[in-house]
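Listed here are the chains, written in short residue letters.
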Amino acid sequence: MNDINDHIESPFRLKVSFNKILKHYESLSNHEDEFIAAKARRVLKTAEGFPELRAGMTDPKDLVTREKEISIILQDSFSPILTKNEIKTASVPFHNLIFNASERFKSIIETAGPDFELEIKNMPEDDTYIIACTIILNFCYGYNLNFKRPFYYEIPDANGIIRYYKILYNADFTEIVPNDNAPKITQEDYDMLLDNFDNIDLWKEKFPPFSYTFKGFVISNIFDVTDDQSISNIKSSLIGSDKRNKESFMKDFHGIFQSLLGLKDIRVGFSVYNKEDDHFERVHGAGMSSFLLEEKESKKCSDALCTWSYKKLLKDKVYISISDVDRMLKKSKGKAPHINTLHHQGIKSAIFAPIANEKGLMGILEIVSSEPRVLNSINANKLVDVMPYIISAVERSKIEEENLIEAIIQQECTSIHPSVYWKFVDAARQFLKDKHYHGNEASFGKIVFDNIYPLFGQIDVKGSSDARNEATKKDLALQLNLVSKIMDAILETENLPIYEQIQFQINAFIKELTSDFKVDSEHNVTAFLKDEIESIFKFQYNKNADLRPLIDDYFSKVDDDLNVIYFYRKNYDDTIMLINKNMASLLDRKQEEAQEMYPHYFERYKTDGVEHNMYIGESITKAVSFNEVYLYNLRLWQLQVMCEMENEYYQNQHEYPLALDVTSMILVFNQPLSIRFRMDEKQFDVDGTYNARYEVVKKRVDKAFIKGTEERITQNGKMTIVYSQKEDEIEYLQYVNFLQSKNVLDEDIEIVELENLQGVTGLKAIRVNILYHKKEDKSFYTYDDLIKEVNA
């Protein structure tokens, strides 16, 4: 580098000059104190004959050439007595050039190693240019712009630990003069710059590169602020929850504590205190570990700590330190759980600090090292300044966790649909206002939506009760036959009348399963097997070695939790569970698309199939935007999706343990109604006596028969649309015709009348065959075609 202005962009043309400090010595040369005056004259004499010291230098080689003279000029500023204590340099601003330094600064840089490059931190390149411009505004134009920011060096020590040094500049010996190419700054320019800090192009327009000469030098007074900066870093690391979830968080956290304690070989861990169970629990997060728990997820506090440590951390809420784990292991004779755990992990010294507030213990901060005595009760006191920030962060985390848990419970257990969430928020805000003014007399407002249109649909497992009864009979028959076989073997070895009576009872139950299965049959058989058979088998097992293989085989087939054979019923239960899961998942995915068309309330339930309710209307959307076209669109969407659910089920029917059939039904209700949120039941229900008719129909209609027959209104392979008004029939026939054109529904259409339900008459239904298609081709099938294909 031949010129210190090379490779930098700045409004300054830098010149290292000692003109201003030499002028200061000129005034001191006439000082009344002869010692001071003589020294000033000596400095001035040193500068004589070297005009470049006043005019300014830009070539670093000139600074080396005049090193002796510069040292003399700066002798008062760099006292030889303090040179090994003070950290001080002479340089030019915003430049890494240093031409004079104290011995301590030189030692720090030498310790950092030959590859270390000194660089000012938190100094973005564009900001550097703008800071220089603000200095010009203050120095040359008399404005008072305060853009002071703390500047730092980060320099590693002999152990590789980063230490932080704050830089304070003394600019007493500087001069700034505009060059010929410097535009004059007007008040209008100044006002414009005040509102355009980020517009680097504007600043460069008003202050072109090298348009001002900086003549002089600055003295940097540097201070080791590692402890303060470490505390600040801990604080900033803990402020944002997003930071705590990043992979680099714990690595950075280790580095911060290494700087704070001045130790390279340390690691940091955490454990959370569960007050209800008196357990320590692992913190789950990127890079998180616990040295108290080692590999365990949780541990009882009394199993993790000795009595003394338990009292110190949990009761007294003060830190404990173990400076020499091996020595404490011998002293405790292996009876201190935390010492054993640390020793097992190769840890030689440790500090455990309680994270506690006025409400009690929340967790433990764990700092460990593989070197003995480096962590102790002395340096543990350094944690006093950082614990408040850690406590604050843990408090925030606990609140965030509680909110998240509450959100999960709301979503999974008492979900409030997003479409109506605003109404609950409004009611909650009003409740808070009322509570402020009226105290405990305030009550949560009613949540009611008026004048909305309901839609109901269900896909139901056909004959689910019969299928479950059949599975139950098969399981019980299998178990009774196994029992009968073992009882025959028992009778061969010990022909007692009581065993004959038991065998008679077994045969009676087997006959009942095939000819007279009742509601209580399952309970009676299960009680008989548990209360009578089990005790006989256990007695015979201990008495007769020949029977043990048969009895072992029997109990291996019996479910441990239910105490019965659970094979056919498990197939049934698994099938219902999978049908519900897959159908609900498809419906949920499709619902996301429907909400984008127009917001509406949606809820679904899993029974022996999946039911869903939808409500649409202006009172739900809040905005004045509802039109009946959105109702018609949602009705068509519902019909399409239910056909798709039927296809999805039959395409994957072979994957279910049992090949059950499903039926689909839509209920049309063309009158708007009101729904109210029932606080006691935590769910919406229709409001008003007239509207209750809708709920009655919903609960009973799928079991209804076609009038004058014993045929159920819902049939596998058919979409059933139940309605009461002629306009509903016309509307839905249009949808059916449209879906027929799309090869979703078949050509045949039935319009049938339903038998009267309790309190409800005049219901009709449209029934139309659903067309099914395979995933791998575009062919369409009726239900009968599909079953033939499956059987083939």
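What counts, and at which threshold
Residues numbered from 1 in each chain as written. Predicted model: local features only at pLDDT ≥ 70, side-chain atom pairs only at ≥ 80, totals over all residues. Heavy atoms only, no water. Helix = DSSP H or I, 4+ residues; strand = E, 2+ residues; numbered from the N terminus. Rg over C-alpha atoms; globule rule 2.2 N^0.38 Å. Contact = heavy atoms within 4.5 Å. Pairing = 2+ DSSP bridges. Axes fitted to C-alpha atoms, helices over the stretch in contact; angles between N-to-C directions. Core = buried A, V, L, I, M, F, W, Y, C linked by side-chain atoms within 4.5 Å. Buried < 20%, exposed > 50% of the residue type's maximum accessible area, 1.4 Å probe, protein only. Phe/Tyr/Trp six-rings, centres within 6.5 Å; stacked < 30°, edge-to-face > 60°. Lys NZ or Arg CZ within 6 Å of the ring centre and 35° of its normal. Expected span 1.5 Å × (residues − 1). Parallel < 35°, antiparallel > 145°, perpendicular 65-115°, else oblique. Left-handed = near helix turned anticlockwise from the far one by under 90°. Nonpolar A, V, L, I, M, F, W, Y, C, P; charged D, E, K, R; others polar.

**Q** In this structure, what is going on with the overall build of the protein chain? I would like to understand it.
**A** Looking only at helices and strands, the protein chain features 28 helices and 26 strands. Relative to the globule expectation of 28 Å for 792 residues, the C-alpha radius of gyration of the protein chain, 43 Å, shows a markedly less compact shape. With respect to the three principal axes, the spread of C-alpha positions in the protein chain is 130 × 80 × 65 Å. Restricting to contacts in the protein chain with at least 6 residues of sequence separation, those with at least 24 account for 66%.

**Q** Help me understand the sheet that holds strand S11 (residues 279-282) in this model?
**A** Sheets are built from strands that pair by backbone hydrogen bonding, the pairs being arranged parallel or antiparallel. Taking strand neighbours across the sheet as the criterion, the six strands line up as S12-S11-S10-S15-S14-S13 in an open arrangement whose pairing is antiparallel. Of all the strands in the sheet, just strand S12 (298-300) and strand S13 (320-322) have a single pairing partner and so form its edges. The mean inter-strand angle of the sheet, taken between neighbouring strand axes irrespective of direction, is 25°. Packing of helix H14 (residues 307-316) onto the sheet brings it into contact with strand S10 (267-274), S11, S13, strand S14 (349-357) and strand S15 (360-369), and relative to S13 it is tilted by some 140°. Against the sheet, helix H16 (residues 337-344) contacts S12, S13, S14 and S15, and its axis sits at roughly 45° relative to S13.

**Q** Help me understand unusual backbone geometry in this model?
**A** Glycine aside, residues mostly have negative phi angles, and peptide bonds mostly take the trans form. In the Ramachandran plot, histidine 7 falls in the positive-phi region, its phi being about 65° despite a non-glycine side chain. On the secondary structure map, histidine 7 appears in the segment before strand S1 (12-16). The backbone phi angle of asparagine 563 is positive, close to 60°, even though this residue is not glycine. Inspection of the secondary structure assignment puts asparagine 563 in the loop between helix H22 (548-557) and helix H23 (568-597).

**Q** What am I meant to see in the nonpolar core here?
**A** The tendency in soluble globular proteins is for nonpolar side chains to be buried as a group. With 48 residues, the main nonpolar core has Ile616, Tyr649, Met719, Ile721 and Leu745 as its most contacted residues. Counting residues per element, this core draws most heavily on helix H25 (residues 628-651), which supplies eleven residues. With residues near it in sequence (within four places) discarded, isoleucine 616 still touches Ile452, Tyr453, Leu455, Tyr598, Pro599, His600, Phe626, Tyr630, Leu631 and Leu634. Phe18, Ile185, Phe214 and Phe217 belong to the second-largest nonpolar core, a separate cluster that totals 46 residues.

**Q** What should I look at first to understand the sheet that holds strand S7 (residues 174-178) in this one?
**A** With respect to topology, three strands assemble into an open sheet ordered S1-S8-S7, the strand pairing being mixed. Of all the strands in the sheet, just S1 and S7 have a single pairing partner and so form its edges. Recorded for the sheet is a direction-independent mean angle of 20° between the axes of neighbouring strands. Relative to strand S8 (residues 212-216), S7 runs antiparallel, the two sharing five bridges. In the strand pairing of S8, glutamate 175 is matched with lysine 215.

**Q** Just to check I follow, could you spell out the packing of aromatic side chains for this structure?
**A** For any pair of aromatic rings, the description rests on two quantities: the centre-to-centre distance and the angle between the ring planes. Counted by the stated rule, this structure contains 22 aromatic pairs. Relative to tyrosine 212, the ring of phenylalanine 207 lies with its centre 6.1 Å away and its plane at 40°, an arrangement referred to as tilted. Ring geometry for phenylalanine 537 and tyrosine 554: centres 5.2 Å apart, planes at 90°, overall edge-to-face. With phenylalanine 537 in helix H21 (residues 521-543) and tyrosine 554 in helix H22, this pair connects stretches of sequence that are 17 residues apart. One aromatic cluster in this structure is built from Phe18, Phe99, Phe173 and Phe217. Above the plane of the ring of tyrosine 129 lies lysine 204, whose end atom (NZ or CZ) is 5.5 Å from the centre.

**Q** Got a minute to help me understand the pairing of strand S20 (residues 673-678) in this structure?
**A** Burial within S20 is extensive, with five of its six residues counted as buried. Pairing between strand S16 (residues 448-461) and S20: three bridges, direction antiparallel. When the bridges of S20 are listed, valine 448 appears paired with arginine 676.

**Q** Any chance you could explain helix H27 (residues 726-741) here in plain terms?
**A** Residues lying three or four places apart along an α-helix face the same way, a consequence of the helix completing one turn every 3.6 residues. Its 16 residues give H27 an end-to-end C-alpha distance of 23 Å, which sits within 8% of 22 Å, the value for a rise of 1.5 Å per residue. Where H27 is buried, its residues touch H25, strand S19 (662-668), strand S22 (718-723), strand S23 (745-753) and strand S24 (764-770). Following H27 by one or two positions, asparagine 743 has its phi on the positive side, about 60°.

**Q** Can you walk me through the packing of helix H19 (residues 464-493) against helix H20 (residues 497-515) in this structure?
**A** Relative placement of two packed helices is described by the angle separating their axes and the distance separating the axes. Here H19 crosses H20 at 160°, and the two axes come no closer than 10 Å. With respect to each other, H19 and H20 are oriented roughly antiparallel. Our pair here, H19 against H20, has a crossing hand that is left-handed. Where H19 abuts H20, its residues Lys473, Leu476, Ala477, Leu480, Asn481, Val483, Ser484, Met487, Asp488, Ile490 and Leu491 lie against Tyr499, Glu500, Ile502, Gln503, Ile506, Asn507, Phe509, Ile510 and Leu513. Here the residues of the contact of H19 with H20 are counted per class, giving 13 nonpolar, four polar and three charged.

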